[in-house]
Amino acid sequence: MLGSHHNRRRDTPPGEGDPMEDIEYQTVTYHTVWTVTGDLKPQDLGFDLMSLDGSSLVSSERHSDTGPVEMDWREILAQDPDNPPVREGGNATSIGIELEFLVAVCRASEDIPDPLRKDHRWLTDSLINESPESSAFKYTVRNKIIDRLSANGIVANKTNEKWWESGEQLMQGDDEPYLGKFFFGWWDSLEYEQENPAILQWLERHKWLRAGMDGSDIPGAAEVLRAQFMEYLERDKMRPFTISMGALKSIRDKLSTLIQGELTATSRKSIMQRWYESVSLFVNSENEDYCNSHSVPVDPLAVPDMGVADPRYLVWSCKEDWTVSTSIPPNDCYNIRSGKIPLMPDGKPGEVTSLYKWFGAEVISPVMDYDNPGSRTALISTCTVLRGEFRIHKPMEFIQSGVHVHIGQQAGWTLLHLKKFATLWHLIEPFMYRFHRKDRRKSAWCKPLATECNLAKLVFRRGLDTDKDSLLMPTTTGALSRAYAEQMSRYVPNIQDHDLVSFMSIIWQYPEIDQLNLGMSGGPDAGTTIRWRLAGSNLTSPTGPNVKTQTLEFRLMQGTLDADHIWKWASICERLVIFARDSTPAQFRGTIKTLLKGHAPFLTTLGMNEEDLTWFMSRSNGLNDDVHFIYPDLNGKINWHNPFMTTGYQDTHDLRLNDRID
């Protein structure tokens, strides 16, 4: 019987010295000859194909609407159901990168000097009196990041983070009336206030509300003010989309004392707030229309048909990462010069990080073609701009930031490809932690799939409820189940461990990607080494609205803006995906056999770049069994007097300054 495999070709050649060049850049069409002799039984394959409740996963028949129908499992093997033709068109291996980092925004208060004033990167005074929880604070910082990226030639758009605004109200005392929501546009910034000097002149020119305003007609008074303001805009030909919310807020706060008449303070604030809400709605609408019409819809580097699930995946974007915003390190994470620990108002020592207000940012790349040289260049440019413009904290265990690498397949993932990858990752996952800081092993955001995915909990820990257990068990029976057992034997050698046999057997019995994805997932918010974001039958569905991103999200890496470091790790992730996709049954089976024997020197077999592996080894803590990536911090602590990443795009530490605390 013959199983014909589809063609795979890169759109661009692999890099120089690529160990898998002869596999990947050729047309890899081949035929697999399934040789079957005698009446092969499941136990002859060396696997225990029993479900966890003791019932057999293999049956001699399957059912149709008209009753039992005998099937020939050899014919099913010949059809190769897990390896269908991929979609026509582009065949890029896509990459998307999420960069999480902690940025210093401003001094904590007006009376606190900048403790690191020799650092001339951005630090604003506009947010000193704003709460870091307010949408005004968050949008101002986020938009500053986007503005600086855009100014340096990076295609980046601002996005509407509606959850920042939910439930937000004006700060007010117990004796003040409810003044409503502070309208702050997602495109806006409190730093833009200084760019609206003309609008502030309205305060000097408007017709004051005078006698007769006794507070009995607050809506009417607010409408008079609104009409005066709109008349001023029209007369001076001012474009509404140039008006910032910061400028409107300044006008609002000053109107209260300028309104004349027999009015209580409460009535004045009510008039002021009604005016502000009415004008803000108008200005917001104008600004939103303008920003939407002037946004760049697609980065030229974006893979055309792979970002439609969410428009933010077509350009660079930025949002808050609350897990980073709440990870402010204490003093014992630093080497601090004697006498430089601040004193709090009660006279007790405070935290040095409390001298600043911080923002946890997540910058997200578009979906790019891994093999396009421009993708790496874009990452380098982004890291260079961020580190050159902002005070970004160096990588640290306490700061729960990470780099997430999404790998996708433009032509689609096949079920066979994913079964092979799931098998490979389960065996190499413990070793992959060594490419990263040791603390990543205990991080809540990159727990091992080997113990935390749904299938692992079912097989190894029995930690799921009965209802979910039934969803995780394969639905295959009869000839299809028998065919899958034979397929597994082609790719996976004999396994002695009973639980591992059960785990692997279930993977290879899944008839659909949806079921495999459920088994490999740990829930929508699971912090595992890889987050499976895939959907489909035997081929993943095209991306689109309400469809998963169709990627494997590698979450092992600690937060950094070292572009070289990030790309070296991304290349390792890509190699694993490509090996699982393009390796022949003999190549794959041989690699799995090596892994089962506990042999680690398998990385070049998987096609990984030897220079990259040497680089990681040079940044490790030795050749022992506990080897991990390390940073050159003195005693494992950051130098507080040099806590921010150095400028550039490579090493985040300046070794000339790193150990100095005087």
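Residues numbered from 1 in each chain as written. Predicted model: local features only at pLDDT ≥ 70, side-chain atom pairs only at ≥ 80, totals over all residues. Heavy atoms only, no water.

1. A short note on the overall build of the protein
Per the secondary structure count, the protein includes 21 helices and 13 strands. Residue pairs in contact within the protein that sit at least 24 positions apart in sequence constitute 78% of those at least 6 positions apart. In the structure as shown, the protein presents an accessible area of about 29100 Å², 51% of it carried by carbon and sulfur atoms. (Helix = DSSP H or I, 4+ residues; strand = E, 2+ residues; numbered from the N terminus. Contact = heavy atoms within 4.5 Å. Areas by Shrake-Rupley, 256 points an atom, 1.4 Å probe, with all protein chains shown as cover.)

2. Quick word on the packing of aromatic side chains
Enumeration according to the criterion identifies 24 aromatic pairs in this entry. When the centroid spacing of 5.5 Å and the interplanar angle of 90 degrees are considered together, the rings of Phe-229 and Trp-275 count as edge-to-face. On the criterion of sequence distance, the pair formed by Phe-229 in helix H7 (residues 218-235) and Trp-275 in helix H9 (residues 265-294) is long-range, its members being 46 residues apart. Centre to centre, the rings of Phe-435 and Trp-569 are 6.0 Å apart; their planes meet at 45 degrees, and the pair counts as tilted. One end of the pair, Phe-435, is in the loop between helix H12 (415-432) and helix H13 (449-452); the other, Trp-569, is in helix H19 (residues 563-582), and 134 residues separate them in sequence. Pair check on accessibility: Phe-435 and Trp-569 agree, each one buried. Each member of the aromatic cluster is reached from another via a ring pair, and the members are Phe-431, Phe-435, Trp-569, Trp-615, Phe-616, Phe-629 and Tyr-631. Here Arg-252 stacks its cationic end above the ring of Tyr-276, 4.8 Å away from the centre of that ring. Directly above the ring of Tyr-484 sits Lys-419, whose terminal nitrogen or CZ lies 3.6 Å from the centroid. (Phe/Tyr/Trp six-rings, centres within 6.5 Å; stacked < 30°, edge-to-face > 60°. Buried < 20%, exposed > 50% of the residue type's maximum accessible area, 1.4 Å probe, protein only. Lys NZ or Arg CZ within 6 Å of the ring centre and 35° of its normal.)

3. Some remarks on H7
The end-to-end C-alpha distance of H7, which contains 18 residues, comes to 26 Å, matching closely the 26 Å that a straight helix rising 1.5 Å per residue would cover. Listed in full, the buried residues belonging to H7 are Ile-218, Ala-221, Ala-222, Leu-225, Gln-228, Phe-229, Tyr-232 and Leu-233. Seen along its axis, H7 keeps its buried residues to an arc of 140 degrees; they face one direction. Count one or two residues on from H7 and you reach Lys-237, which has phi positive near 50 degrees. (Expected span 1.5 Å × (residues − 1). Arc of directions from axis to C-beta.)

4. Some details on the side chain of Gln-550
For Gln-550, the location among the structural elements is in the loop between strand S11 (530-533) and strand S12 (551-558). On the basis of relative accessible area, Gln-550 is assigned to the buried category, the value being 3%. Filtering out sequence-adjacent residues up to four positions away, Gln-550 remains in contact with Ile-407, Gly-408, Gln-409, Trp-413, Arg-533, Leu-534, Ala-535, Thr-540, Ser-541 and Thr-543.

5. Thoughts on the environment of Asp-310
By secondary structure assignment, the location of Asp-310 is in the loop between H9 and strand S6 (317-320). Here Asp-310 falls in the partly exposed class, since its relative accessible area comes to 24%. The sequence separation of Asp-310 and Thr-549 amounts to 239 residues, and the corresponding C-alpha distance is 8.5 Å.

6. Observations regarding the environment of Ile-592
With respect to the helices, strands and loops of the structure, Ile-592 is situated in helix H20 (residues 585-596). For Ile-592 and Lys-420, which are 172 residues apart along the polypeptide, the C-alpha to C-alpha distance reads 9.9 Å.

7. Quick notes on the pairing of strand S10 (residues 402-409)
Where a strand is regular, its side chains alternate between the two sheet faces. Most of S10 sits out of view: eight of its eight residues are buried. The two faces of S10 match: Gly-402, His-404, His-406 and Gly-408 on one face and Val-403, Val-405, Ile-407 and Gln-409 on the other face are all buried. Alignment of strand S5 (residues 93-107) against S10, held across seven bridges, turns out to be antiparallel. Within S10, the residue paired with Ile-95 across the bridge is Ile-407. By the bridge criterion, six bridges tie S10 to S12 in an arrangement that is antiparallel. (Pairing = 2+ DSSP bridges.)

8. Quick look at the packing of H19 against helix H21 (residues 610-618)
Packing of H19 against H21 leaves a shortest axis separation of 10 Å and a crossing angle of 125 degrees. By the angle between their directions, the pair H19 and H21 is classed as oblique. Seen along the crossing, H19 lies across H21 with a hand that is left-handed. Residues His-565, Lys-568, Trp-569, Ser-571 and Ile-572 of H19 form the contact with H21, whose own contacting residues are Asp-612, Leu-613, Trp-615 and Phe-616. Here the residues of the contact of H19 with H21 are counted per class, giving five nonpolar, two polar and two charged. (Axes fitted to C-alpha atoms, helices over the stretch in contact; angles between N-to-C directions. Parallel < 35°, antiparallel > 145°, perpendicular 65-115°, else oblique. Left-handed = near helix turned anticlockwise from the far one by under 90°. Nonpolar A, V, L, I, M, F, W, Y, C, P; charged D, E, K, R; others polar.)

9. Examining the confidence of the model for the protein
When pLDDT is averaged along the protein, the result is 81; 79% of the residues meet or exceed 70. For the protein, the element scoring lowest by mean pLDDT is strand S2 (residues 31-33), at 27; helix H11 (residues 373-389) scores highest, at 98. Note that residues 1-64 has pLDDT below 50 and, in this model, 154 contacts with residues that lie over four places away or in other chains. Ignoring residues within four places in sequence, the model shows residues 658-662, a span with pLDDT below 50, making 15 contacts including any to other chains. (pLDDT = per-residue confidence, 0-100.)

10. Considering the pattern of salt bridges
Overall, the coordinates contain 21 salt bridges when judged by the stated rule. In this structure, Arg-121 engages Asp-119 in a salt bridge whose closest nitrogen and oxygen atoms are separated by 2.8 Å. Its salt-bridge partner being Asp-439, residue Arg-437 comes within 2.6 Å of it at the nearest N-O pair. Neither residue differs from the other here; Arg-437 and Asp-439 are each classed as buried. Through salt bridges with shared partners, one network takes in Asp-114, Asp-119, Arg-121 and Arg-391. (Salt bridge = Lys/Arg side-chain N within 4 Å of Asp/Glu carboxyl O.)

11. Quick notes on H19
Given 3.6 residues per turn, any residue in an α-helix points the same way as the ones three and four places further on. Relative to the 28 Å expected for 20 residues at 1.5 Å per residue, H19 spans 28 Å between its end C-alpha atoms, a close match to the ideal helical length. Where burial is concerned, most of H19 is hidden: 20 out of the 20 residues are buried.

12. A few points about the packing of helix H3 (residues 135-151) against H11
How two helices sit against one another is set out by the angle between their axes and by the gap between those axes. The N-to-C vectors of H3 and H11 enclose an angle of 125 degrees; their axes lie 10 Å apart at closest approach. By the criterion of interaxial angle, the relationship of H3 to H11 is oblique. In terms of crossing hand, the pair formed by H3 and H11 is right-handed. Contacts between H3 and H11 pair Ile-145, Arg-148 and Leu-149 from the former with Thr-382, Val-385, Leu-386 and Glu-389 from the latter. For the contact of H3 with H11, the per-class residue count stands at four nonpolar, one polar and two charged.

13. Considering the environment of Leu-343
Note that Leu-343 resides in the loop between strand S7 (334-335) and strand S8 (356-364). With residues near it in sequence (within four places) discarded, Leu-343 still touches Lys-348, Pro-349 and Gly-350.

14. Some words on unusual backbone geometry
The phi dihedral of Asp-80 is positive, around 50 degrees, even though this residue is not glycine. Along the chain, Asp-80 turns up in the loop between helix H2 (73-79) and S5. In this model, Gln-550 sits at a positive phi of 60 degrees, which is unusual for a non-glycine residue.

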